[in-house]
Amino acid sequence: MRQEVINRAGNCCEYCQMPQMFDPATFEIDHVIPEKMKGKAVLLNLCLACFSCNNHKGPNIAGIDPETSNKAFLFDPRNDVWTDHFSWDGPFLRGKTFSGRATIELLQINRAFRVAHRRQLIGEGVFPPRSSL
Ligand SMILES: [Zn+2]
């Protein structure tokens, strides 16, 4: 099942789009709905997440949109379309929706070291993946 999740994700984090090949930490299988909330270990509830995204997401399914202070469900890779919620602004990920912004905030996708890493990969011409454009 792990391999199916990896293949479906194109071996990229389904939140921040980082390809596994550019991240030294092994990507993890995330339960979109956490096990704690009875989320099942089935393909429809699993996604591939980099260590950083998965670690910050923890058992959460919602966050706060920093722009409007609205509560919002986190981006759901199984039911939402990534490009509906996010877009790239150079190395910065921007949220187009409450969910997109709440996800970026909670998962700390624009932390300085992550932005610096993406800036370097952009310079090498290997980021972002075409699927996120
Ligand atoms: Zn990620």
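Residues numbered from 1 in each chain as written. Predicted model: local features only at pLDDT ≥ 70, side-chain atom pairs only at ≥ 80, totals over all residues. Heavy atoms only, no water.

Taking an unreviewed UniProt entry as the reference, the protein is identified by name as Restriction endonuclease belonging to Blastopirellula marina.

Draft legend 1. How the structure looks around the packing of aromatic side chains. According to the stated counting rule, one finds five aromatic pairs in the structure shown. With 5.1 Å between their ring centres and 75 degrees between their planes, Phe 75 and Phe 86 make a pair best called edge-to-face. In this pair, Phe 75 sits in the loop between strand E4 (71–73) and helix H3 (82–85) while Phe 86 sits in strand E5 (residues 86–89), placing the two residues 11 residues apart along the sequence. The same class applies to Phe 75 and to Phe 86, which are both buried. (Phe/Tyr/Trp six-rings, centres within 6.5 Å; stacked < 30°, edge-to-face > 60°. Helix = DSSP H or I, 4+ residues; strand = E, 2+ residues; numbered from the N terminus. Buried < 20%, exposed > 50% of the residue type's maximum accessible area, 1.4 Å probe, protein only.)

Draft legend 2. Spatial organisation of the coordination of the zinc ion. With distances of 2.3 to 2.4 Å, the protein atoms coordinating the zinc ion are Cys 13 (SG), Cys 16 (SG), Cys 50 (SG) and Cys 53 (SG). What the four donor atoms of the zinc ion show is an angle range of 102 to 115 degrees at the metal, which sorts the shape as tetrahedral. Mapped onto the polypeptide sequence, the residues donating to the zinc ion form the spacing pattern C-x2-C-x33-C-x2-C. (Donors = N, O, S within 2.8 Å, 3.2 Å for Na, K, Ca; no water. Tetrahedral: all angles 85-135°; square planar, octahedral: opposite > 155°, others 65-115°.)

Draft legend 3. Highlighting the pairing of E5. Of the two faces of E5, the one lined by Phe 86 and Trp 88 is fully buried and the one lined by Ser 87 and Asp 89 carries no buried residue. Note: E5 against strand E6 (residues 92–95), four bridges, orientation antiparallel. The residue bridging Phe 86 from the neighbouring strand is Gly 95, located in E6. (Pairing = 2+ DSSP bridges.)

Draft legend 4. Region of interest: helix H5 (residues 112–123). End to end, H5 covers 16 Å across 12 residues, agreeing with the expected 16 Å (1.5 Å per residue, within 8%). Looking only at H5, the buried set comprises Arg 114, Val 115, Arg 118 and Leu 121. Buried residues of H5, viewed axially, fall in a sector of 125 degrees; they line one side. Residues of H5 that are exposed and angled more than 90 degrees away from the buried face: Ala 112, Phe 113 and Gly 123. Looking at the buried residues of H5, the elements they touch are helix H2 (51–57), E5 and E6. (Expected span 1.5 Å × (residues − 1). Arc of directions from axis to C-beta. Contact = heavy atoms within 4.5 Å.)

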